[in-house]
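A closer look at the structure
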Amino acid sequence: MLSGFLCSRLSFFFFFFFFFLTGCLAGDPYVFYDWTVSYITASPLGVKQQVIGINGQFPGPILNVTTNWNIVINVKNDLDEPLLLTWNGLQHRKNSWQDGVLGTNCPIPAGWNWTYQFQAKDQIGSFFYFPSLNFQRAAGGYGGIIINNREVIPLPFLMPDGDITVFISDWYKNSHKKLRKDVENGVDLGVPDGILINGFGPYRYDAAVVPDGISYQIINIEPGKTYRLRVHNVGISTSLNFRIQNHNLLLVETEGSYTVQQNYTNMDIHVGQSYSFLVTMDQNASSDYYIVASPRFVNSSSWDKATGVAILHYSNSLGPASGPLPVPPNALDTYFSMNQARSIRWNVSASAARPNPQGSFRYGQITVTDVYVILNRPAELIDGKWRTTLNGISYLPPSTPLKLAQQFNISGVYKLDFPYRLMNRPPKVDVSVINGTYKGFMEIIFQNNDTSIQTYHMDGYAFFVVGMDFGVWTENSRGTYNKWDGVARSTTQVFPGAWTAILVYLDNAGIWNLRIENLNSWYLGQEVYVNVINPEIDKSAPSMPDNAIYCGLLSSLQKDQAQRVNFSGAPSVFYASRTLLVACIIAIFGSLVR
């Protein structure tokens, strides 16, 4: 029989066990991943070529997490050149150290590993990651990001029966090194060799157009069920129209914002953009059905081969897909595409990462602090090299990332003098940065004087797309703005000979990349950084990571990695929970023994 003293000690132990257990496990969960980024051999268009895979996969693994989870990804760079991964659409609240672009991070040298650690803070939705350096995205290295709602926050639609990620992209048989050399020499990328769907080439819908021997994507579904399709244009330069034969696309979300739910028969998805559709499998399954991604705004027969076709396969299908491909919009009808873009509205009554409605932020009532009219121009020779510019400035990344220069108070690396408008001066190469006002409200107008469609992306934020039109933006254009339910997103298109206006609330301190997503233009200099400094000391902001890589003027601080491939070996949230539980128990027993 236990003594009274021992019983009281055990009772005391169990009380404190549950007390400490609750405290230990009350924080947001951690998930751990080990990724090896390497060259692998694939044949997306029927010819063997070198692509970039992650853990041997092309496309890479899906990062599937829940709002506010902490994400730890140990990345081994097994390429033959430096690497950074960036997380398209993830806001990294107060933590641009993890953004994975040259303004914030030194590259991961070949053979090294580096651990990203960030939180999916106050976000939901569909995003993707990709390599941000050296034209590597043209070789792959991309994958999907899903941030699920917490259970206490309901979806603004019924839970789908399945969740399917779809990557659409233009693709070239030339290596990314050959493509970037062509771009450096002023050679146009030209017609892509094909359009991929989930890393596969087209189904042979037409023997005269599609050669034999190409593997294609089959998406298996059950009749009568509704699936959420998360569709990402991860290509490098081509706008694509996405559609499914005989099926409607019910748009419900784009880049972390729930939208007013509308049916579309097709959707133009521009470079770097992401959409979620609900698709109900309501056909009689007399055959399979085509899934199509085809180029937009092109007018040449040489583009006929550049159509991506996958197969939607019902479990009770009676035969292969047949008939012509579903008809796309008129190839050169930019008015159709602009009207479609304008029809996408923010669902102001839906809750997203928090229980309050998305539209509770009244962006139309905020006083604008700064206005930038940003003009892009086609590639031109500057000091004997082909460069592209924004407001006459071609950004050339310095050897020392801006974030590190700021951290160590190194002067002369960059200047806070990016012009509000195009200046009357010759174009130049420079490191000119936008000086953003913390918690200010910035209006940015993108004016596209090029002949091709451009898409702009801003790291660290979701901005409000309030207006777009053809012609030249003027002060009077504000009268056409949507100040109530313009969609919030991180990537917006700008049509040729047209403008797009966005509003962004600069409440996320850091140094954030604003760029053209079209890789050929971005690579030659069409990007700028926005510097947003909180004037008050914020103790909740993450400090410089202990594992930061040093380069440029700070190279002397970098130590060699003794164990360059020493991975964490911690595959999941369950590992973290078990470790934390054991640590708590040890701590409790230790306190009792004492």
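Keep in mind that this is a model prediction, so the values were computed, not measured.

Looking at the overall build of the protein
A count of helices and strands for the protein gives 6 helices and 32 strands. In the protein, which comprises 594 residues, the proportion classed as buried is 56%. Long-range contacts, defined as pairs at least 24 residues apart, comprise 78% of the intrachain contacts of the protein with a sequence gap of at least 6.

As for the state of the cysteines
This structure, assessed with the given rule, holds 1 disulfide. The partner cysteine of Cys106 in its disulfide is Cys551, sulfur to sulfur 2.0 Å. A torsion of -85° about the S-S bond marks the disulfide between Cys106 and Cys551 as left-handed. In this pair, Cys106 is assigned in the loop between strand E5 (85-88) and strand E6 (113-119) and Cys551 in the loop between strand E32 (527-532) and helix H6 (573-593), connecting sequence segments 445 residues apart. The pair Cys106 / Cys551 is uniform in exposure class, with both members buried.

Here we look at helix H3 (residues 334-342)
Taken together, the buried positions of H3 are occupied by Thr334, Ser337, Met338, Gln340 and Ala341. Down the axis, H3 shows its buried residues gathered within 160° of arc, on one side only. Looking at the buried positions of H3, the neighbouring elements they touch are strand E15 (257-264), strand E16 (267-269), strand E27 (463-470), strand E29 (491-494) and strand E30 (498-505). For H3, the N-terminal capping position is held by Asp333, with its side-chain oxygen 3.2 Å away from the main-chain nitrogen of Tyr335.

Here we look at unusual backbone geometry
Outside of glycine, negative phi angles account for most residues, and trans bonds account for most peptide bonds. The step from Phe58 to Pro59 runs through a cis peptide bond, and the omega angle for that step is -5°. Within the secondary structure, Pro59 is located in the loop between strand E2 (49-54) and strand E3 (63-66). Positive phi, close to 45°, is recorded for His92, a residue that is not glycine. Relative to the elements of secondary structure, His92 occurs in the loop between E5 and E6.

Quick notes on the pairing of strand E11 (residues 218-221)
Taking every second residue as pointing to the same face, the buried face of E11 carries Ile219 and Ile221, while none of Ile218 and Asn220 on the other face is buried. Bridge count between E11 and strand E19 (residues 308-314): 4 bridges; the pairing is parallel. Looking at E19, one finds that Ile219 is bridged to Leu312.

Let's talk about the confidence of the model for the protein
With 90% of its residues at a pLDDT of 70 or more, the protein has an overall mean of 91. Low pLDDT, under 50, characterises residues 1-25; the stretch is placed with 18 contacts to residues that sit more than four places away or in other chains. Counting interchain partners and residues more than four positions distant, the pLDDT-below-50 stretch residues 565-594 has 43 contacts.

Details of the nonpolar core
Soluble globular proteins tend to bury their nonpolar side chains together. In terms of nonpolar packing, the biggest core is built from 78 residues, with Val166, Ile168, Leu229, Phe242, Phe277 and Leu312 touching the most fellow members. Looking at this core, the element that brings in the most residues is E30, giving 6 residues. Ile168 has contacts with Leu196, Ile197, Val231, His232, Asn233, Val234, Gly235, Leu240, Phe242, Ile269 and Ala293, leaving out every residue within four places of it along the chain. In this structure, Val65, Tyr116, Cys551 and Leu554 belong to the second largest nonpolar core, which totals 38 residues.

A look at the packing of aromatic side chains
With the rule as written, the count across this model stands at 36 aromatic pairs. Between the aromatic rings of Trp87 and Phe118, the centroid separation amounts to 5.1 Å while the plane-to-plane angle is 50°, which identifies the pairing as tilted. A residue pair is termed long-range when its members are at least 10 positions apart, and Trp87 in strand E5 and Phe118 in strand E6 qualify at 31 residues. Residues Phe135 and Tyr523 carry aromatic rings whose centres are separated by 5.5 Å and whose planes lie at 85° to one another, so their mutual orientation is edge-to-face. You can see Phe135 sitting in the loop between strand E7 (125-131) and strand E8 (143-148) and its partner Tyr523 sitting in helix H5 (residues 519-523), a full 388 residues away along the chain. Residue Tyr523 is classed as partly exposed on the basis of its relative accessible area, which comes to 26%. One Lys or Arg, Arg137, reaches over the ring of Phe130 and ends 4.7 Å from the middle of that ring. The residue whose ring lies beneath Lys403 is Trp97, and the NZ or CZ to ring-centre distance is 5.2 Å.

Describing the sheet that holds E3
Read across the open sheet, the 4 strands follow the order E3-E8-E7-E5; overall the sheet is mixed. Looking at which strands have only one partner, the edges of the open sheet turn out to be E3 and E5. For this sheet, the mean inter-axis angle between neighbouring strands, taken without regard to orientation, is 20°. Pairing of E3 with E8, which is carried by 4 bridges, proceeds in the parallel orientation. Bridge pairing in E8 links Leu63 to Ile145.

Observations concerning the sheet that holds E15
Whenever strands of a sheet pair, they do so through backbone hydrogen bonds, lying parallel or antiparallel. Strand order in this open sheet of 6 strands is E10-E9-E12-E17-E14-E15, and the pairing throughout is mixed. Pairing within the sheet leaves two strands with one partner each, and these edge strands are strand E10 (194-197) and E15. In this sheet, adjacent strand axes meet at a mean angle of 25° when their direction is disregarded. Bridge count for strand E9 (residues 162-171) against strand E12 (residues 226-233) is 7 bridges, and the pairing is parallel.

Here we look at helix H2 (residues 176-184)
For H2, the full list of buried residues reads His176, Leu179, Arg180, Asp182 and Val183. On an axial view of H2, the arc spanned by its buried residues comes to 155°, and they lie on one face. Tucked inside the fold, the buried residues of H2 contact strand E1 (30-42), strand E21 (385-390) and H5. Positive phi appears at Gly186, one or two residues downstream of H2, with a value of about 80°.

Quick word on the side chain of Ser521
You can see Ser521 is positioned in helix H5. Using a relative accessible area of 9% as the deciding quantity, one classes Ser521 as buried. With sequence-adjacent residues up to four places away left out, Ser521 is seen in contact with Thr388, Gln454, Ile516 and Gln526.

Rules used throughout
Residues numbered from 1 in each chain as written. Predicted model: local features only at pLDDT ≥ 70, side-chain atom pairs only at ≥ 80, totals over all residues. Heavy atoms only, no water. Helix = DSSP H or I, 4+ residues; strand = E, 2+ residues; numbered from the N terminus. Buried < 20%, exposed > 50% of the residue type's maximum accessible area, 1.4 Å probe, protein only. Contact = heavy atoms within 4.5 Å. Disulfide = S-S within 2.5 Å. Arc of directions from axis to C-beta. Polar contact = N/O pair within 3.5 Å; in protein donor to acceptor, adjacent residues only side chain to side chain. Pairing = 2+ DSSP bridges. pLDDT = per-residue confidence, 0-100. Core = buried A, V, L, I, M, F, W, Y, C linked by side-chain atoms within 4.5 Å. Phe/Tyr/Trp six-rings, centres within 6.5 Å; stacked < 30°, edge-to-face > 60°. Lys NZ or Arg CZ within 6 Å of the ring centre and 35° of its normal. Axes fitted to C-alpha atoms, helices over the stretch in contact; angles between N-to-C directions.

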